[in-house]
Amino acid sequence: MGFLDGKKALIVGCASNRSIAWGIAQAMHREGADLAFTYQNDKLQGRVEKLAGECDSDITLPLDVSSDEQIDAVFEKLDDYWDHLDIIIHSVAYAPREELEGEYLDSVTRKGFNMAHEISSYSFAALAKAGRNMMQGRNAALLTLSYLGAERVLPNYNVMGLAKASLEANVRYMAASLGPENIRVNAISAGPIRTLAAAGIKNFRSMLKYSEQNTPLRRNVTIEEVGNAAAFLCSDLASGISGEITYVDGGYNITGMGSLD
Ligand code: 0WE
């Protein structure tokens with residue numbers, strides 16, 4: 001008996017076995033959910049198929065969230081496998097790499113701003129709009145991933161901070177829209193984790209070290225820990241929680257100065 005027995009979940013944003021979405025998929029599979037995965041492009045298809053297989057899933061669908069046609073197609077295809085949907089995981093973000101370093105005003109551009117907001121925030125609402133019909137009458141739940149840079153200024157996070165601020169507001173507006181249909185919407189604000197998305201980000205190693213030293217738990221969090229919190233938030237155990245941003249960051253967000261040790 002798992003706490004997600006009988007639930008059907010669509011996982012968007014799994015790119016490798018280091019993805020936060022993969023930690024979420026594993027926790028949900030362990031708790032009894034049936035899973036479907038999307039892959040961003042042909043290059044990732046094989047890898048995602050293999051990961052899906054490890055979760056006893058043979059549903060993998062192509063999805064670039066910048067395309068409304070592809071978003072609609074995902075739910076049309078999903079409808080061939082499942083007659084309803086209980087959970088959508090959105091674990092997707094993008095800003096041009098050059099805009100994730102240097103001083104904010106030097107690096108931000110109109111194009112980078114628009115792309116960051118479209119891929120990292122609007123796509124969550126787009127998935128909700130397209131998946132809404134399949135989620136009726138099910139105690140469904142949507143979950144996205146945010147970061148502290150939404151609320152505080154962090155070096156190099158730059159335009160992604162604005163996009164995550166938009167995403168967090170999106171969580172609240174979507175929760176208000178979908179609440180009357182008993183669909184809940186939440187986010188997890190995770191601490192920094194070494195994933196593909198983090199690879200190549202300037203000074204990421206120093207950031208991990210800094211957060212390890214200055215976090216109340218004195219360590220970084222794992223995709224397994226984010227996965228467990230995500231599984232809870234999307235389960236009926238969290239039936240009273242909607243519109244919320246839950247920190248899975250070892251307590252880092254509560255600190256004012258960190259550690260002097
Ligand atoms: O939200 C993120 C990163 C998302 C991300 C990553 C990339 C890398 C590749 C968005 N766009 C891109 N574009 C690329 O071309 N995180 C929470 C991880 C992260 O990214 C940072 C961080 C942290 C933490 C960037 C600068 C500073 C800190």
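See above for the structure.
Reading the values: the criteria
- Residues numbered from 1 in each chain as written.
- Predicted model: local features only at pLDDT ≥ 70, side-chain atom pairs only at ≥ 80, totals over all residues.
- Heavy atoms only, no water.
- Axes fitted to C-alpha atoms, helices over the stretch in contact; angles between N-to-C directions.
- Helix = DSSP H or I, 4+ residues; strand = E, 2+ residues; numbered from the N terminus.
- Parallel < 35°, antiparallel > 145°, perpendicular 65-115°, else oblique.
- Left-handed = near helix turned anticlockwise from the far one by under 90°.
- Contact = heavy atoms within 4.5 Å.
- Nonpolar A, V, L, I, M, F, W, Y, C, P; charged D, E, K, R; others polar.
- Patch = residues over 30% accessible without salt bridge, like charges linked within 9 Å, V, L, I, M, F, W, Y side chains within 5 Å.
- Areas by Shrake-Rupley, 256 points an atom, 1.4 Å probe, with all protein chains shown as cover.
- Salt bridge = Lys/Arg side-chain N within 4 Å of Asp/Glu carboxyl O.
- Buried < 20%, exposed > 50% of the residue type's maximum accessible area, 1.4 Å probe, protein only.
- Near = heavy atom within 4 Å.
- Polar contact = N/O pair within 3.5 Å; in protein donor to acceptor, adjacent residues only side chain to side chain.
- Lys, Arg positive; Asp, Glu negative; His and termini not counted.
- Charge placed at Lys NZ, Arg CZ, Asp CG, Glu CD.
- Pairing = 2+ DSSP bridges.
- Right-handed = clockwise from strand over helix to strand, strands pointing away.

A. Looking closely at the packing of helix α3 (residues 68-81) against helix α5 (residues 110-131). Following both chains from N to C, one finds α3 and α5 inclined at 40°, their axes separated by 9 Å at the closest point. In terms of their interaxial angle, α3 and α5 are classed as oblique. Helix-helix and strand crossings are classified by hand; for α3 and α5 the assignment is right-handed. Two secondary-structure elements touch here, α3 through I71, D72 and F75 and α5 through A126, L127, A130 and G131. Within the contact of α3 with α5, the residues separate by chemical class into five nonpolar, one polar and one charged.

B. Quick look at a nonpolar patch on the surface. Taken together, the side chains of F3, F232 and L237 make up a nonpolar region of the molecular surface, amounting to roughly 270 Å² of accessible area. Mapped onto the elements, L237 comes out in the loop between α8 (223-233) and β7 (245-248).

C. Looking closely at the environment of V226. On the secondary structure map, V226 appears in helix α8. Sequence separation between V226 and Q40 is 186 residues; the distance between their C-alpha atoms is 22 Å. Once residues lying within four places of it in the same chain are set aside, the contact partners of V226 are I20, I24, L145, I188, A190, I193 and V248.

D. Just the pattern of salt bridges, in detail. Using the criterion set out here, one finds eight salt bridges in the structure. One salt bridge connects E54 with K50, and the closest N-O pair in it is separated by 3.2 Å. Of the two residues, E54 and K50 are both situated in helix α2 (residues 42-54); the distance of four residues between them amounts to about one turn of the helix. In this structure K50 comes out as exposed when scored by relative accessible area, which is 57%. Residue R219 pairs with E225 through a salt bridge whose shortest N-O separation is 2.6 Å.

E. Expanded view of the site of the ligand. Taken together, 15 residues lie around the ligand, and A95, R97, Y157, A197 and I201 are the ones closest in. Between an oxygen atom of the ligand and a side-chain N or O atom of Y157, the distance comes to 2.7 Å. Relative to its unbound accessible surface of 590 Å², the ligand loses 88% to contact with the protein. Looking at the shell around the ligand, its residues break down into twelve nonpolar, one polar and two charged.

F. Looking closely at the side chain of N220. Looking at the secondary structure, you find N220 in the loop between α7 (204-214) and α8. Residue class for N220 comes out buried when judged on its relative accessible area of 19%. Reaching out from N220, the side chain makes a polar contact with the backbone oxygen of L208 at a distance of 3.0 Å. A polar side-chain atom of N220 sits 2.4 Å from a polar atom in the side chain of S211. Sequence-distant contacts of N220, defined by excluding residues within four places in its chain, comprise P192, L208, S211, E212 and E225.

G. Representation of a negative patch on the surface within the structure. A cluster of acidic residues, D68, E69, D72, E76, D79, D80, D83 and E118, forms a negative patch at the surface. Per-element accounting of the negative patch gives the leading share, six residues, to α3. If you trace the backbone, D72 turns up in helix α3. Taking the relative accessible area as the measure of exposure, D72 reaches 42% and is therefore partly exposed.

H. Broad picture of unusual backbone geometry. Despite not being glycine, N139 shows a phi value in the positive range, around 55°. Looking at the secondary structure, you find N139 in the loop between α5 and β5 (141-146).

I. Structural view of the pairing of β5. Taken across its six residues, β5 has six buried, putting it largely inside the fold. In β5, alternate side chains face the same way, and those of A141, L143 and L145 on one face and L142, T144 and S146 on the other are all buried. Here four bridges tie strand β4 (residues 87-90) to β5, and the two strands are oriented parallel to one another. Along β5, the bridge assignment pairs I88 with L142. Pairing analysis gives six bridges linking β5 to strand β6 (residues 184-190), with the strands arranged parallel. Bridge pairing in β6 links S146 to S189. Following the chain from β5 across helix α6 (residues 159-178) to the adjacent parallel β6, one finds a crossover that is right-handed.

J. Broad picture of the sheet that holds strand β3 (residues 60-62). Strand order in the open sheet formed by seven strands is β3-β2-β1-β4-β5-β6-β7, and the pairing between neighbours is parallel. Two strands close off the open sheet at either side, each with one partner strand: β3 and β7. Across the sheet, the mean angle separating the axes of adjacent strands is 20° when strand polarity is ignored. Sheet strands touched by helix α1 (residues 20-30): β1 (8-12), β2 (34-39), β4 and β5. Its angle to β2, the strand with the most contacts, is close to 165°.

Functional significance is not addressed by these values, which are geometric in nature.
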